[in-house]
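Structural overview
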Amino acid sequence: MTLTTEQVEAIANLARLELSSVEKERMRLQHSEILDYVNRLQELDTGGIPPTSSVLPPRSVLRPDEARPGLERETLLHNASETEAGQFRVPAVLE
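A brief structural summary. (Residues numbered from 1 in each chain as written. Predicted model: local features only at pLDDT ≥ 70, side-chain atom pairs only at ≥ 80, totals over all residues. Heavy atoms only, no water.)

A separate point is the overall build of the protein. Along its length, the protein carries three helices and two strands. Listing every helix and strand of the protein by position from the N terminus yields α-α-α-β-β. Whereas a compact globule of 95 residues would reach a radius of gyration of roughly 12 Å, the protein reaches 30 Å, over 25% beyond that. Projecting the C-alpha coordinates of the protein onto the three principal axes gives extents of approximately 75 × 40 × 30 Å. Within the protein, buried positions represent 8% of all 95 residues. A fraction of 35% describes how many contacts in the protein between residues 6 or more apart in sequence connect residues 24 or more apart. Carbon and sulfur atoms form 54% of the exposed surface of the protein, whose accessible area is close to 9,400 Å². Looking at charge distribution, the protein has the averaged site of its 10 positive side-chain charges lying 3 Å from that of its 16 negative ones. (Helix = DSSP H or I, 4+ residues; strand = E, 2+ residues; numbered from the N terminus. Rg over C-alpha atoms; globule rule 2.2 N^0.38 Å. Buried < 20%, exposed > 50% of the residue type's maximum accessible area, 1.4 Å probe, protein only. Contact = heavy atoms within 4.5 Å. Areas by Shrake-Rupley, 256 points an atom, 1.4 Å probe, with all protein chains shown as cover. Lys, Arg positive; Asp, Glu negative; His and termini not counted. Charge placed at Lys NZ, Arg CZ, Asp CG, Glu CD.)

So this is what it looks like as structure tokens:
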């Protein structure tokens, strides 16, 4: 698919780009090549390939969820401005 200069100008206008005539011609050629490649990709039969398939092996980036002991209550409340009965004390929020 070959783009025309008018189509490139319309795209540049939508993107708020000011292009010289040399830039317009270069963009016309480059975008035409990209569209040709997309057309070639659309010719491939991908009917039997699940949409979530990948060429990379599956791996989890999350760490295993393992229970670990928490911090002692005194350590957690050490820097609290106010505590009461072993808990954080905060001002009441009532409307």
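Moving on, we get to unusual backbone geometry. Notably, Arg16 is not glycine yet its phi reads approximately 55°, a positive angle. Within the element layout of this structure, Arg16 appears in the loop between helix H1 (5–14) and helix H2 (21–42). With a phi angle near 55°, Ala85 is a residue other than glycine that sits in the positive phi range. Here Ala85 is to be found in the loop between strand E1 (83–84) and strand E2 (87–88).

All right, on to a nonpolar patch on the surface then. There is a patch of nonpolar side chains on the surface, built from Tyr37, Leu41 and Leu44 and spanning about 310 Å² of accessible area. For Leu41, the position within the fold is in helix H2. (Patch = residues over 30% accessible without salt bridge, like charges linked within 9 Å, V, L, I, M, F, W, Y side chains within 5 Å. Salt bridge = Lys/Arg side-chain N within 4 Å of Asp/Glu carboxyl O.)

We now examine the packing of H1 against H2. Here H1 crosses H2 at 100°, and the two axes come no closer than 9 Å. The pairing of H1 with H2 is recorded here as roughly perpendicular in orientation. For the pair H1 and H2, the contacting residues are Thr5, Val8 and Glu9 in the first and Lys24, Met27 and Arg28 in the second. (Axes fitted to C-alpha atoms, helices over the stretch in contact; angles between N-to-C directions. Parallel < 35°, antiparallel > 145°, perpendicular 65-115°, else oblique.)

Turning next to the side chain of Arg28. Residue position: Arg28 is located in helix H2. The class for Arg28 is buried, based on a relative accessible area of 16%. Not counting the four nearest positions on each side in its chain, Arg28 is found in contact with Thr2, Leu3, Thr4, Thr5 and Val8.

What follows covers the pattern of salt bridges. One pass over the full model with this rule turns up four salt bridges. One salt bridge connects Glu25 with Arg28, and the closest N-O pair in it is separated by 2.7 Å. With Glu25 and Arg28 both in helix H2 and three residues apart, this pair spans about one turn of that helix. Glu25 sits in the partly exposed class, given a relative accessible area of 32%.

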